[in-house]
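# Architecture and fold: a report
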Amino acid sequence: MDQVSVGGTVHVAAGTYVEQVDIGKQITLDGDGAGGTSIKAPAALATKFTTSSANKPVVYVHGATGVTISDLTVDGDGAGNANYRIEGIAFYNAGGTVSDASIIRVRETPLNGNQHGVALYANNTDSTPRTLAVTNNTISDYQKNGMALNGDGLTATVSGNIVTGAGAISDLAQNGIQIGYGAGGSITGNTISGNDCIVNPDCTADPTSASNADGAAGILLYLPGTSTVTVDGNTLTGNQFGIWTVGATDVSITGNGVAGGASSNGIAIWDCDQWCSAGDAVGTCCMISGNDISGHAYGVLQRDFDAGAPVPAVAVHNNSITGAATYGAWSNVALNATDNWWGSANGPAHATNRFNVGAQGAAVSDNVTIVPWLDAAPPAGVSYAPVTTTSQNGKYTT
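The rules behind each value
- Residues numbered from 1 in each chain as written.
- Predicted model: local features only at pLDDT ≥ 70, side-chain atom pairs only at ≥ 80, totals over all residues.
- Heavy atoms only, no water.
- Helix = DSSP H or I, 4+ residues; strand = E, 2+ residues; numbered from the N terminus.
- Buried < 20%, exposed > 50% of the residue type's maximum accessible area, 1.4 Å probe, protein only.
- Contact = heavy atoms within 4.5 Å.
- Areas by Shrake-Rupley, 256 points an atom, 1.4 Å probe, with all protein chains shown as cover.
- Polar contact = N/O pair within 3.5 Å; in protein donor to acceptor, adjacent residues only side chain to side chain.
- Phe/Tyr/Trp six-rings, centres within 6.5 Å; stacked < 30°, edge-to-face > 60°.
- Pairing = 2+ DSSP bridges.
- Axes fitted to C-alpha atoms, helices over the stretch in contact; angles between N-to-C directions.
- Core = buried A, V, L, I, M, F, W, Y, C linked by side-chain atoms within 4.5 Å.
- Salt bridge = Lys/Arg side-chain N within 4 Å of Asp/Glu carboxyl O.
- Lys, Arg positive; Asp, Glu negative; His and termini not counted.
- Disulfide = S-S within 2.5 Å.
- pLDDT = per-residue confidence, 0-100.

The helix and strand tally for the chain stands at zero helices and 38 strands. Within the chain, the fraction of its 398 residues that count as buried is 56%. Of all intrachain contacts in the chain linking residues separated by at least 6 positions in sequence, the fraction that spans at least 24 positions is 71%. Per element, the accessible surface of the chain, about 14,500 Å² overall, is 49% carbon and sulfur.

Take the side chain of threonine 73 next. Within the element layout of this structure, threonine 73 appears in strand S9 (residues 73-75). Among the polar contacts made by the side chain of threonine 73, one reaches the main-chain carbonyl oxygen of alanine 34 at a distance of 2.5 Å. Non-local contacts of threonine 73, meaning those with residues more than four positions away in its chain, are made with Ala34, Thr37, Ser38, Ile39, Ser102 and Ile104.

Applying the stated criterion to the full structure yields eight aromatic pairs. Summarising the aromatic geometry, the rings of phenylalanine 49 and tyrosine 92 are spaced 4.5 Å apart at their centres and angled 20° between planes, so their arrangement reads as stacked. With phenylalanine 49 in strand S6 (residues 49-50) and tyrosine 92 in strand S10 (residues 86-92), this pair connects stretches of sequence that are 43 residues apart. Ring plane angle 10° and centroid distance 6.2 Å describe the contact between phenylalanine 49 and tyrosine 121, whose orientation is recorded as stacked. Taken together, the residues span a long stretch of sequence, with phenylalanine 49 in strand S6 and tyrosine 121 in strand S13 (residues 118-123) at a distance of 72 residues. For tyrosine 121, a relative accessible area of 7% corresponds to the buried category.

The sheet built from eleven strands is open, its strands ordered S2-S5-S9-S12-S15-S18-S21-S24-S27-S30-S33 with parallel pairing. A strand with exactly one partner marks an edge of an open sheet, and here the two such strands are strand S2 (15-18) and strand S33 (320-322). The mean angle between the axes of side-by-side strands here comes to 15°, regardless of whether they run parallel or antiparallel. Looking at chain direction, S9 and strand S12 (residues 102-104) are connected through three bridges and run parallel. Each residue of the ladder has a partner; that of valine 74, found in S12, is isoleucine 103.

Looking now at the nonpolar core. Core analysis: the biggest nonpolar cluster contains 76 residues, and Phe91 and Leu149 have the highest contact counts within it. Listed in part, the 14 residues of the second largest apolar core include Phe241, Trp244, Val246 and Leu301.

Glancing now at the pattern of salt bridges. Considering all chains together, one arrives at five salt bridges under this definition. In this structure, the salt-bridge partner of arginine 107 is aspartate 141, at a minimum N-O distance of 2.8 Å. One end of the pair, arginine 107, is in the loop between S12 and S13; the other, aspartate 141, is in the loop between strand S15 (138-140) and strand S16 (145-150), and 34 residues separate them in sequence. Given the relative accessible area of 15%, arginine 107 is considered buried. A salt bridge links arginine 130 to aspartate 126, with the nearest nitrogen and oxygen atoms 2.7 Å apart. Sharing partners across several salt bridges, the network here consists of Asp75, Asp77 and Arg105.

This part is about the side chain of glutamate 108. With respect to the secondary-structure elements, glutamate 108 resides in the loop between S12 and S13. At 9.0 Å, arginine 107 is the nearest oppositely charged side chain to glutamate 108, a buried residue that forms no salt bridge. Among the polar contacts made by the side chain of glutamate 108, one reaches the side chain of asparagine 114 at a distance of 3.0 Å. Looking at glutamate 108, its side chain comes within polar contact range of the side chain of histidine 116, at 2.7 Å. If we ignore the near neighbours within four places in the chain, the residues touching glutamate 108 are Gly78, Gly80, Asn81, Asn114, His116 and Gln143.

For the structure on display, the rule yields one disulfide. At a sulfur-sulfur separation of 2.2 Å, the disulfide partner of cysteine 197 is cysteine 203. Residues cysteine 197 and cysteine 203 are joined by a disulfide whose S-S torsion is about 80°; by sign, that bridge is right-handed. Like cysteine 197, the residue cysteine 203 is buried in the burial classification.

So, about the confidence of the model for the chain. Of all residues in the chain, 86% have pLDDT values of 70 or greater, and the mean over the chain is 88. Segment residues 274-280 is flagged for pLDDT under 50; beyond a separation of four residues in sequence, or across chains, it makes ten contacts in the model. Low pLDDT, under 50, characterises residues 387-398; the stretch is placed with 26 contacts to residues that sit more than four places away or in other chains.

Here's what the structure looks like:
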C-alpha cells in the first residue's frame with residue numbers, strides 16, 4: 001500500500017493472502033472477484049483502534065475518505081477466539097465504498113455467546129460528516145452483526161446486499177444490518193435472513209412486557225441521527241425482529257417484505273417519541289407504508305417506554321398485515337393504523353370483540369385505530385382506496 005499514490009489502485013490477483021491490511025489514504029483495493037481473491041485473517045491480529053476495547057480488523061480503513069474495496073473476499077477464518085473484537089472490514093473515522101465483496105467467518109470457533117465479531121464495522125467518533133456506500137456484497141457466518149454502522153456524522157447507503165445470520169441460535173442475539181448511535185442513511189433492496197435469538201428468557205419473553213428489551217433483528221436502527229433513515233424494498237425472512245427501531249428521530253419504512261414465524265415480530269417501533277415534539281403530526285417520526293408483513297406473532301408492535309408526552313407520531317397505512325398469531329398490530333399508546341389490509345374484507349378482529357360480521361383478519365390490541373381498512377390486499381406499489389364502511393368498534397381504547 002505504501003507504494004501507491006493517493007487516488008491510486010491496488011489490483012490484487014487471484015489467490016489467498018493471509019495478512020492484516022491497513023489503509024490510511026484514499027485508494028482502491030480491487031480483487032479478481034470474490035471467488036478469486038481472498039484476504040484471510042492471520043492467527044494473531046494487531047489492535048488497530050480502541051473504542052470500548054481493542055478492535056482487530058482484518059482490513060482496516062482509517063483517516064481517509066473515498067476508499068474503495070471491491071471484488072474480493074475478506075475471511076475472518078473463525079479466528080475470534082484469540083482476537084477479541086475481531087472485524088472483517090472496519091472504517092474508523094473514514095468513508096468510502098465496499099462493493100461486490102464477500103465477508104465471511106468473522107467469529108469465534110465454534111460460534112458462541114461472546115459479544116463481538118462484526119463483518120463490516122464503521123465508527124465515526126469525531127462527528128465529521130462522512131459517507132459509506134455498501135453495495136452488492138454477500139455477508140454471512142458472522143458472530144454478532146453482519147454490519148454495524150455507527151456514529152454521529154456518518155451517512156450509510158446500504159443497498160443490494162445479501163446478509164445471512166446463523167438462524168435460530170441460543171448463544172447470542174445477532175443483527176443483520178445496524179445503523180445507530182447518531183448515524184443515518186438508507187437501507188434499500190437488501191435480502192436479510194436468519195437473525196433469530198432463542199436465548200431464555202431474554203429473547204423469548206413477551207415483547208410487550210416492560211422488562212424485555214433483548215432480541216435479534218434483521219434491520220436494527222438504534223438511536224440513529226436526526227435525519228430521516230429510509231428502509232425500503234428489503235426482503236426479510238426468519239429474523240426474530242424483522243425491522244426494529246429504538247429511539248428513532250424520523251424513519252420511513254416502505255415497500256418491504258417481512259415474513260416470519262409464530263414467535264417472531266415483523267416491524268417493531270420502540271420509543272419513537274424520544275425525539276418528537278408535542279404536536280408533531282402523525283407520521284412525523286415514523287411512517288410505515290406499503291409493506292407486506294406476514295406470519296409473525298406480532299405484525300406491527302409499538303412500545304412507548306417513556307410514560308410522558310408526547311405520544312409517538314407513528315403512522316401505519318397501506319400495508320398488508322396477515323397471519324399474525326397474536327396481534328397484527330399492538331401498541332401501548334395511540335397508534336394510527338388505518339387503511340391497511342388485515343387478511344379479510346371484514347377488517348381486523350379484537351381479543352374481546354370480533355365484530356360479529358363473519359371471518360376476520362389479524363387481531364389488533366387496544367389503542368389502535370383501524371377504520372377505515374382496506375377491503376383487499378394492496379398490490380405492490382399501489383395504495384388501495386379504503387372501504388367506505390366503518391364500525392363503531394374501529395378504535396379500541398383501554
